[in-house]
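Report on the structure
Listed below are the residues making up each chain.
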Amino acid sequence: MSKDVSYLRREFLPALPAPTSDKSAVGWVRKNLFATPLDGLMTVVFGAIIIWFVLSVFDWLFISAVWSGEGRAACATLVQGGTQPDGWSGACWAYVGDWFTQFMVGSYPRDQLWRPILIAVLFVGFLVPMLIPKVPFKGTNAILLLVVLPILAYIILLGGSFGLSHVETSLWGGLMVTLILSFVGIVVSLPFGIILALGRRSRMPIMKAACVGFIELVRGVPLITVLFMASVLLPLFLPPGDNIDKFLRALVGVSIFASAYMAEVIRGGLQAISKGQYEGADSLGLNYGQKMVFIIMPQAIKLVIPGIVNTFIGMFKDTSLVSIINMYDLLGIVKASFGDARWITPVTPLTGLIFAGFVFWIFCFGMSRYSAFMERHLDTGHKK
């Protein structure tokens, strides 16, 4: 008995509706948020929670916030001795406005504020062209930013020469201290980190042992210990009457600490370079310095841009630890302002911390985004 077996259809299938493109908004939502009934339920529940949280935060930060006022009464309820209705809660931006100058420059003399403002304008003016790849005269710009600006900042901010009144570093504070510490740490840590990384990979035993010992010693202790030693213990070893400025000690401590971490980041990039690159440089007759400057180091730095920026971001946030040596950066000034009797309210501390956190986030997010931009700009290995 034979069977009628057919491997081909004798009729066309009915037409089906075109599938929703996953690239469209509706397709993405259907695939990622409502693929199954459980996914849909979780999307609705957690979406409602997120919306409620965002609306509550927005209301606390902006709608119910107090934007102007002369004292704590503006940000306190009637029961607390203020003017707000009972049950009110919102951000006290009037307090931030009253303390804003202190948050920016600390106790720097108010009649001399033009000096930090001038340095800030010069910093932005030199930094922006440096960050744009196609702007010419990069060498001149780098000298202005990394050499000329620090010297000008030292002369103008500290004073004592050229007819400028002397302003002790103990009066400096706020965001100005944070930016100076982080900028100097970044400028110093990158070249010193490269030198330490090369020294750790050196074939000279003394050089290698010295670099390894320095890196492991500094990385083995927290930054707060380095600052404490620089501020408290270092003066004990100096002759009586000789003293190093406290702010300078903080700069040195932060720079040393960042250099040790940067050295390991750079060393990781050097290890990622294939042996063929070294052999190719040797075949061209390049000496050690030329090989490192023109062949190896540019590739190594390009590979570890995320690690370098991550070190910079961590250092920028760690500057708040200078409060251990009685120096007040932005976060230190904000915390000190909580004791101001004119603004003691239940919402004042949270408002100040949110303001400080937002400022830190702006700088850290900016560094992160620029890092991603540079990675894309320098990713020429697969471009045609």
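This text goes with the structure placed above it.
Residues numbered from 1 in each chain as written. Predicted model: local features only at pLDDT ≥ 70, side-chain atom pairs only at ≥ 80, totals over all residues. Heavy atoms only, no water.

A short note on the overall build of the chain
Of the regular secondary structure elements, the chain holds 14 helices and zero strands. Each helix and strand of the chain, ordered N terminal to C terminal, gives the series α-α-α-α-α-α-α-α-α-α-α-α-α-α. Relative to the 2.2 N^0.38 estimate, which gives 21 Å for 384 residues, the radius of gyration of the chain is 29 Å and therefore markedly larger than a compact globule would have. Principal-axis analysis of the C-alpha atoms gives the chain an extent of 115 × 80 × 40 Å. Counting the 384 residues in the chain, one finds 35% classified as buried. The contacts in the chain between residues at least 6 apart in sequence include a share of 68% that link residues at least 24 apart. Distance between charge centroids for the chain: 11 Å, based on 29 positive and 21 negative side chains. (Helix = DSSP H or I, 4+ residues; strand = E, 2+ residues; numbered from the N terminus. Rg over C-alpha atoms; globule rule 2.2 N^0.38 Å. Buried < 20%, exposed > 50% of the residue type's maximum accessible area, 1.4 Å probe, protein only. Contact = heavy atoms within 4.5 Å. Lys, Arg positive; Asp, Glu negative; His and termini not counted. Charge placed at Lys NZ, Arg CZ, Asp CG, Glu CD.)

Here we look at the packing of aromatic side chains
Centre-to-centre distance and the angle between the planes together describe a pair of aromatic rings. Going through the model one piece at a time under the given rule, you end up with 16 aromatic pairs. Each ring, one from Y95 and one from F103, has its centre 6.1 Å from the other, and the planes form 80 degrees; the classification is edge-to-face. Overall, the relative accessible area of 0% leaves F103 in the buried class. Taken together, the aromatic side chains of Y95, W99, F100, F103, W343 and F355 make up a single cluster linked through ring pairs. The ring of Y261 has R219 sitting right over it, with the charged end atom 5.6 Å from the ring centre. (Phe/Tyr/Trp six-rings, centres within 6.5 Å; stacked < 30°, edge-to-face > 60°. Lys NZ or Arg CZ within 6 Å of the ring centre and 35° of its normal.)

Let's talk about the nonpolar core
Judged by nonpolar contacts, the single largest core of 44 residues is most densely connected at L157, W172, F247, I266 and L270. Of all the elements in the fold, those that place two or more residues in this core are α5 (138-158), α6 (174-200), α8 (223-233), α9 (246-272), α11 (288-303) and α12 (305-318). A total of eleven residues in this core trace back to one element, the largest contributor, which is α9. Filtering out sequence-adjacent residues up to four positions away, L270 remains in contact with A197, L198, R201, Y278, I296, M297 and A300. W60, W99, I333 and M374 belong to the second-largest nonpolar core, a separate cluster that totals 31 residues. (Core = buried A, V, L, I, M, F, W, Y, C linked by side-chain atoms within 4.5 Å.)

Describing the pattern of salt bridges
Applying the stated rule across the entire model yields eight salt bridges. Its salt-bridge partner being R200, residue E264 comes within 2.9 Å of it at the nearest N-O pair. Highlighted residues: E264 in helix α9 and R200 in helix α6, separated in sequence by 64 residues. Residue classification places R200 among the buried residues on the basis of a relative accessible area of 15%. When the shortest N-O distance is used, the salt bridge between R219 and E216 registers 3.7 Å. Linking R219 with E216, this pair stays in helix α7 (residues 205-219), spanning three residues, or about one helical turn. Assessed through its relative accessible area of 36%, E216 is described here as partly exposed. One network of salt bridges, with partners in common, ties together R200, E216, R219, E264 and R267. (Salt bridge = Lys/Arg side-chain N within 4 Å of Asp/Glu carboxyl O.)

Digging into the state of the cysteines
As used in these notes, a disulfide is a covalent bond between sulfur atoms, one from each of two cysteines. Applying the stated criterion across every chain, the model contains one disulfide. Each sulfur of the disulfide joining C75 and C92 lies 2.0 Å from the other. With the S-S dihedral at roughly 75 degrees, the linkage between C75 and C92 falls on the right-handed side. Remark: C92 occurs in the loop between α2 (37-63) and α3 (93-105) and C75 occurs in the loop between α2 and α3; sequence separation between them is 17 residues. (Disulfide = S-S within 2.5 Å.)

Some remarks on α2
For α2, which comprises 27 residues, the first-to-last C-alpha distance of 37 Å matches the rise-based estimate of 39 Å (1.5 Å per residue) to within 8%. Three or more residues of α2 are buried, namely G40, W60 and L61. Buried residues along α2 sit in contact with α3 and α14 (348-378). (Expected span 1.5 Å × (residues − 1).)

Describing the side chain of R115
With respect to the secondary-structure elements, R115 resides in helix α4 (residues 114-131). The buried charged residue R115 lacks any salt bridge partner; its closest oppositely charged side chain belongs to D111, at an N-O distance of 7.3 Å. Here I156 takes part through its backbone oxygen, which lies 2.7 Å from a polar atom of the side chain of R115. If near-sequence neighbours (up to four positions away) are discounted, R115 is found in contact with Y108, I156, L157, L158, G159, L164, S165 and V167. (Polar contact = N/O pair within 3.5 Å; in protein donor to acceptor, adjacent residues only side chain to side chain.)

Looking at a nonpolar patch on the surface
A cluster of nonpolar side chains, contributed by L38, L41, M42, V45, F46, I49, I50, W52, F53, V54 and V57, occupies part of the molecular surface with about 1,100 Å² of accessible area. For L38, the position within the fold is in helix α2. Looking at L38, the relative accessible area reads 55%, which means it is exposed. (Patch = residues over 30% accessible without salt bridge, like charges linked within 9 Å, V, L, I, M, F, W, Y side chains within 5 Å. Areas by Shrake-Rupley, 256 points an atom, 1.4 Å probe, with all protein chains shown as cover.)

Description of the packing of α9 against α11
Contact pair α9 / α11: the axes reach a minimum separation of 8 Å and the direction vectors enclose 115 degrees. Overall, the two elements α9 and α11 adopt an arrangement that is roughly perpendicular. α11 is crossed by α9, and the crossing has right-handed handedness. Facing I266, G269, L270 and A272 of α9, the residues of α11 in contact are I296, M297, A300, I301 and L303. Per-class residue counts for the contact of α9 with α11 are eight nonpolar, one polar and no charged. (Axes fitted to C-alpha atoms, helices over the stretch in contact; angles between N-to-C directions. Parallel < 35°, antiparallel > 145°, perpendicular 65-115°, else oblique. Left-handed = near helix turned anticlockwise from the far one by under 90°. Nonpolar A, V, L, I, M, F, W, Y, C, P; charged D, E, K, R; others polar.)

Don't take any of this as a statement about function, it's just geometry.
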